[in-house]
Amino acid sequence: MRLRIGLMAAAGLMALAQTALADDQPFISLYTTDIEAAQEQEIEQRILFTAQKGEAYAGIESNTEFEYGVTDDLQISGSANYEWAREREHNPLAPAQSEHEFGVSGEAIYRFLNVYFDPVGLAVYLEPSYSNDARELEGKILLQKNFFNDNLRLAFNANFENQWERDAGTWHQGSAIEMRLGAAYNVTPEWSLCAELSNENEYNGLVGSGHPVSNLYYLGPTISYKGLPLTISLGAQAQLPWASDHTHTPGAIRDGYSVDAERWRVGLTISRDIQL
């Protein structure tokens, strides 16, 4: 399984090695309203590593995406996704269990307001995803405000996601509502320092009709480099001790942390404009 992850990531990185110019998306967990201009293309490779406190757990998510600007305000993309996870129960003698999933997804972003010409940037995002045992439909509202001659960028994302997952032949419905806030400051024209805060709420059932399950917070720094021809962002986030479990399951919260959610996340994003 690790070989497959390496091959997918290598393919994405090889595509990034083509002659190109890169746009600027400095965050690893949220979007700005900066999108591809008309007829511009970009290849993007994202890798997310996760680790959990409650059990011996490690996970990897790989996403290789091709983006295309249909107009200056409409961007579409398609991506190949891979997820791998391995965990061991609290008993150190118990065998480790691993699972993996391949999938594909499509994405469309439409921008109503351009932050460089309007008081704020405003866009909407829609992404359907498909894999053998899961279906997802995610929508986002993207907001952006710039200050100090665009050297300070504030971004806010409101995410709404419906999920259908198959377990032992039975499909289950779930959903998530997430609020993400980010700030990026240009230390130099090439380097940006960022901070990202996420509030993640999980529900049993679809958005608007589900019952709350958990409430989590993550916070961490990101550093981003934009130098022709690449944009590279590297960030880490830690779960904050503010978690809550609405199902009141004994042992679900320990010292303020959710034992069923990863304690740490490390994300790497490499993107590059390409010329076809």
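Chains are numbered independently. Their residues run from 1 in the order of the written sequence. For a predicted model such as this one, the threshold for reporting local features is a pLDDT of at least 70, and the threshold for listing and counting side-chain atom pairs is 80 or more; totals across whole chains, interfaces and linings nevertheless cover every residue. Water and hydrogen atoms play no part in the side-chain values, which are based on all heavy atoms of the structure.

### Overview of the overall build of the protein chain
Right, on to step 1. Within the protein chain, the secondary structure is distributed over one helix and 15 strands.
Right, on to step 2. Exposure is judged per residue with a 1.4 Å probe applied to protein chains only, and the accessible area is read against the type maximum: over 50% gives exposed, under 20% gives buried, and values in between give partly exposed. Among the 276 residues that make up the protein chain, the fraction classed as buried is 46%.
Right, on to step 3. Restricting the contact set of the protein chain to residue pairs at least 6 apart, pairs at least 24 apart contribute 57%. Only DSSP runs of H or I reaching four residues or more are called helices, and only runs of E reaching two or more are called strands; each is numbered from the N terminus. Should any heavy atoms of two residues lie within 4.5 Å, those residues are considered in contact.

### Digging into the confidence of the model for the protein chain
Right, on to step 1. Each residue carries a pLDDT score, the predictor's confidence in it, ranging from 0 to 100. Considering every residue of the protein chain, the mean pLDDT works out to 89; 87% of them sit at 70 or more.
Right, on to step 2. pLDDT under 50 marks residues 1-22. Its contacts with residues more than four places away, or in other chains, come to 52 contacts.

### Quick notes on the pairing of strand β9 (residues 191-204)
Right, on to step 1. Whether two strands pair comes down to DSSP finding at least two bridges between them. By the bridge criterion, 13 bridges tie strand β8 (residues 170-186) to β9 in an arrangement that is antiparallel. Residue A176 lies in a different strand from β9, and its bridge partner there is E202.
Right, on to step 2. As defined by bridge partners, β9 adjoins strand β10 (residues 211-227) across 14 bridges and the pair is classed as antiparallel. If you follow E196 over to β10, its bridge partner there is G220.
Right, on to step 3. Once β9 ends, the chain turns through six residues before running back antiparallel as β10, passing G205 with a positive phi of about 100°.

### A few points about the pattern of salt bridges
Right, on to step 1. Just to be clear on terms, a salt bridge is a Lys or Arg side-chain nitrogen sitting within 4 Å of an Asp or Glu carboxyl oxygen. Following the criterion strictly, the structure yields eight salt bridges and no others.
Right, on to step 2. For the salt bridge of E44 with R46, the shortest nitrogen-to-oxygen distance reads 2.9 Å. The two residues E44 and R46 agree in class, both being buried.
Right, on to step 3. Here E138 and K140 are joined by a salt bridge, their closest N and O atoms 2.8 Å apart. Of the two residues, E138 and K140, both sit in the buried class.
Right, on to step 4. One connected set of salt bridges, linked through shared partners, spans E178, R180, E200, E262 and R265.

### Regarding the environment of E161
Right, on to step 1. In this fold, E161 is placed in strand β7 (residues 152-167).
Right, on to step 2. Sequence-wise, E161 and P128 are 33 residues apart; in three dimensions their C-alpha atoms are separated by 9.6 Å.
Right, on to step 3. Not counting chain neighbours up to four residues away, the residues in contact with E161 comprise E136, L137, E138, G174, S175, A176 and V207.

### A word on the environment of M179
Right, on to step 1. If you trace the backbone, M179 turns up in strand β8.
Right, on to step 2. Along the chain, M179 and E200 lie 21 residues apart, while their C-alpha atoms are 6.6 Å from each other.
Right, on to step 3. Not counting residues up to four positions away in its chain, the partners in contact with M179 are F156, N157, A158, L197, S198 and N199.

### Details of the side chain of S79
Right, on to step 1. Of note, S79 is situated in strand β3 (residues 74-88).
Right, on to step 2. In protein, a polar contact means a hydrogen-donor-capable atom and an acceptor-capable atom, both N or O and within 3.5 Å, with residues adjacent in sequence counting only if both atoms are side-chain atoms; elsewhere, any N or O pair within 3.5 Å suffices. A polar side-chain atom of S79 sits 3.4 Å from a polar atom in the side chain of N63.
Right, on to step 3. For S79, the side chain forms a polar contact with the side chain of N81, separated by 3.3 Å.
Right, on to step 4. Once residues lying within four places of it in the same chain are set aside, the contact partners of S79 are N63, T64, E65, G103, V104 and S105.

### Observations concerning the nonpolar core
Right, on to step 1. Here, nonpolar core means buried Ala, Val, Leu, Ile, Met, Phe, Trp, Tyr and Cys residues that are tied together by side-chain atoms lying within 4.5 Å of each other. Residues Y31, I35, I109, A123, Y125 and L142 constitute the largest nonpolar core, which totals six residues.
Right, on to step 2. The contacts of A123, once residues within four sequence positions are left out, are T33, I109, Y110, R111, F112, K140, I141 and L142.
Right, on to step 3. If you look at the next biggest cluster of nonpolar residues, it comprises five residues, including F27, A155, A184 and C194.

### Observations regarding the packing of aromatic side chains
Right, on to step 1. Aromatic pairs are defined between Phe, Tyr and Trp rings, using the six-membered ring for Trp, whenever the two ring centres lie within 6.5 Å; interplanar angles under 30 degrees are classed as stacked, those over 60 as edge-to-face, and all others as tilted. This model, assessed by the stated rule, comprises five aromatic pairs.
Right, on to step 2. For the ring pair W191 and Y225, a centre distance of 4.8 Å and an interplane angle of 50° mean the geometry is tilted. Pair noted here: W191 is in strand β9 and Y225 is in strand β10, with a separation of 34 residues, a long-range link.
Right, on to step 3. Under the relative-accessibility criterion, W191 is labelled partly exposed at 40%.
Right, on to step 4. Taking NZ or CZ as reference, R46 lies 5.2 Å from the ring centre of Y31, over its face.
Right, on to step 5. Charges are assigned to positions over rings by a cutoff of 6 Å between ring centre and Lys NZ or Arg CZ, combined with an angular limit of 35 degrees from the ring normal. The cationic tip of R263 hangs over the ring face of Y257; the distance from NZ or CZ to the ring centre is 3.6 Å.

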